[in-house]
Amino acid sequence: MAEPLFRRLALLGIGLIGSSVARIAMERRDIAAEVVANARSQATLDRVLHLGIADRVELDPAKAVAGADCVMLCAPVGAYAALAEAISPHLAPGAIITDVGSTKVSVIRDVGPLVPAGVHFVPGHPLAGTEYSGPDAGFTTLFQNRWCLLTPPPGTDAEAVAKVRALWERCGAMVDQMDPAHHDRVLAIVSHLPHLLAFTICGTADDLEGESRKEVLQFAATGFRDFTRIAASDPVMWRDIFLNNREALLEMLARFTEDAQAMARAVRWGDAAYIEDKIHRGRRIRKSLIELKQA
Ligand code: NAP
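Residues numbered from 1 in each chain as written. Predicted model: local features only at pLDDT ≥ 70, side-chain atom pairs only at ≥ 80, totals over all residues. Heavy atoms only, no water.

Some words on the overall build of the chain
Next up, step 1: Looking only at helices and strands, the chain has 12 helices and 9 strands in total.
Next up, step 2: Its C-alpha atoms give the chain a radius of gyration of 21 Å, near enough to 19 Å, the size a compact globule of 295 residues would have.
Next up, step 3: C-alpha atoms of the chain, sized along the principal axes, occupy 65 × 40 × 35 Å.
Next up, step 4: Residue pairs at least 24 apart in sequence account for 73% of intrachain contacts in the chain once pairs closer than 6 positions are excluded.
Next up, step 5: In the structure as shown, the chain presents an accessible area of about 15,500 Å², 57% of it carried by carbon and sulfur atoms.
Next up, step 6: Computed over 32 positive and 36 negative side-chain charges, the separation of the two mean positions in the chain equals 3 Å. (Helix = DSSP H or I, 4+ residues; strand = E, 2+ residues; numbered from the N terminus. Rg over C-alpha atoms; globule rule 2.2 N^0.38 Å. Contact = heavy atoms within 4.5 Å. Areas by Shrake-Rupley, 256 points an atom, 1.4 Å probe, with all protein chains shown as cover. Lys, Arg positive; Asp, Glu negative; His and termini not counted. Charge placed at Lys NZ, Arg CZ, Asp CG, Glu CD.)

Regarding the nonpolar core
Next up, step 1: Counting residues in each nonpolar core, the largest one holds 64 residues, and the members touching the most others are F143 and W168.
Next up, step 2: The element that contributes the greatest number of residues to this core is helix α1 (residues 16-28), accounting for 7 residues.
Next up, step 3: Once residues lying within four places of it in the same chain are set aside, the contact partners of F143 are I17, S20, V21, I24, P126, A128, W168, C171, G172 and A173. (Core = buried A, V, L, I, M, F, W, Y, C linked by side-chain atoms within 4.5 Å. Buried < 20%, exposed > 50% of the residue type's maximum accessible area, 1.4 Å probe, protein only.)

Considerations on the pattern of salt bridges
Next up, step 1: With the rule as written, the count across this model stands at 16 salt bridges.
Next up, step 2: In this structure, E58 and R56 form a salt bridge, with 2.7 Å as the shortest nitrogen-oxygen distance.
Next up, step 3: Taken together, the salt bridges that share partners define one network made up of R8, E34, R56 and E58. (Salt bridge = Lys/Arg side-chain N within 4 Å of Asp/Glu carboxyl O.)

What to know about the side chain of H183
Next up, step 1: Mapped onto the secondary structure, H183 falls in helix α7 (residues 180-207).
Next up, step 2: Setting aside anything within four residues of it in sequence, one finds H183 in contact with S102, T103, K104, H125, L149, T151 and M178.

Remarks on the packing of aromatic side chains
Next up, step 1: Under the counting rule described, the total for this entry stands at 4 aromatic pairs.
Next up, step 2: Through pairs of rings, three or more aromatic residues link up here, namely F199, W238 and F242. (Phe/Tyr/Trp six-rings, centres within 6.5 Å; stacked < 30°, edge-to-face > 60°.)

Digging into the site of the ligand
Next up, step 1: As a matter of local geometry, the ligand sits amid 27 residues, with R40, S41, T44, A75 and S102 nearest to it.
Next up, step 2: Between the ligand and A75, the relevant distance is 2.7 Å, taken from an oxygen atom to a main-chain nitrogen or oxygen of the residue.
Next up, step 3: Residue S102 places a side-chain N or O atom 2.6 Å away from an oxygen atom belonging to the ligand.
Next up, step 4: The fraction of the free accessible surface of the ligand (910 Å²) that becomes covered by protein chains is 86%.
Next up, step 5: Within the residue set of the shell around the ligand, elements represented by two or more residues are α1, β7 (124-126) and α10 (235-244). (Near = heavy atom within 4 Å. Polar contact = N/O pair within 3.5 Å; in protein donor to acceptor, adjacent residues only side chain to side chain.)

Things to note about the domain arrangement of the chain
Next up, step 1: According to the domain assignment, the chain consists of domain 1 (6-178) and domain 2 (182-291).
Next up, step 2: Taking the mean C-alpha position of each, domain 1 and domain 2 sit 30 Å from one another.
Next up, step 3: Facing the 18 residues of domain 1 at the interface are 16 residues of domain 2.
Next up, step 4: Around 1,300 Å² of area is buried between domain 1 and domain 2 when both sides are counted, 65% of it from carbon and sulfur atoms.
Next up, step 5: Area buried by domain 1 at its contact with domain 2 is led by S102, E131 and M178, which between them contribute 40% of it. (Domains from an automatic or database assignment. Buried area = accessible area lost by both parts, 1.4 Å probe.)

Structural notes on the environment of A166
Next up, step 1: Tracing the sequence through the fold places A166 in helix α6 (residues 158-170).
Next up, step 2: A166 sits in the buried class, given a relative accessible area of 19%.
Next up, step 3: With 161 residues separating them in the primary sequence, A166 and L5 have C-alpha atoms 7.9 Å apart.

A few points about the sheet that holds strand β8 (residues 147-150)
Next up, step 1: Read from one edge of the open sheet, 3 strands run β7-β8-β9, paired in mixed fashion. Looking along the sheet, the strands with just one partner apiece sit at the ends: β7 and β9 (174-177). Averaged over all pairs of adjacent strands, the angle between their axes in this sheet comes to 20°, without regard to strand direction.
Next up, step 2: Across 3 bridges, the pairing between β7 and β8 is antiparallel. When the bridges of β8 are listed, H125 appears paired with L149.
Next up, step 3: Sheet strands in contact with α6 are β7, β8 and β9, and its direction is about 150° off that of β9. (Pairing = 2+ DSSP bridges. Axes fitted to C-alpha atoms, helices over the stretch in contact; angles between N-to-C directions.)

Put into structure tokens, the structure is as follows:
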């Protein structure tokens, strides 16, 4: 077995993502010699102990990070500023602080200024997930062959970046680096806008009057059913993502709205060629995803 990358890994937030990292680290034992889990509630930590997915649990984030050489924020991004403030004075010199948040500009804005001198900050985002949350939702193959994007600010210690990269590679992920603002624009189109559409379409269906609403549920064809899976995601996590990637999300929504209007016009005027072309483009994107093994 390879040497563990870290002596002590502290996971602040132990839901779907944090508990998946914890499960992998506990199983492989070459990521960290000790895994410490922190959550907002004792009930979650009791569950973590019951599941046996951490060596130790700490309800106080300051105690969780004491002596840790790697700290990973795995809570909703809206909680990061308060968490960073709570742990900042307790971070060990030379430690690495990283995260898994779905937005990156806001994370650098909220956490960056609170990182003490001598501590290395390497923001990250694994592009893997499900609609489930909590410590029971995690599993060891979640990151297998999925991308993890790192967005270290310029001048970040190269060795710290290499260690976070190695952590994710040991979790089974493929790792790339990206500028944080570019990350937020890309994620706005591939993830945040699709979620916004799913929440909206489910709301629209839910607003329908009596009988038709019953039929929506009874006869939900695959189209609507796929939207409901996405719409089942955690409300707090997604509220925080929308509010912390505001500009990029609004820009992609404006572009989408224009394109949807163009489609509506094609439907109204019977422009079959336009409609068919758009469907062909959709099929091509799906085929490319399958070829890239990301479907
Ligand atoms: P989750 O399953 O809902 O778990 C969230 C964890 O954070 C829980 O342990 C929770 O503790 C803790 N927490 C919640 N609010 C907190 C607060 N105000 N202060 C401190 N801790 C708090 O969430 P998740 O799906 O793992 O997502 C975690 C992070 O990963 C988010 O930043 C999200 O953007 C990112 N992410 C998610 C996905 C996905 O598909 N789910 C994919 C990639 C990245 P309690 O249980 O005690 O409440």
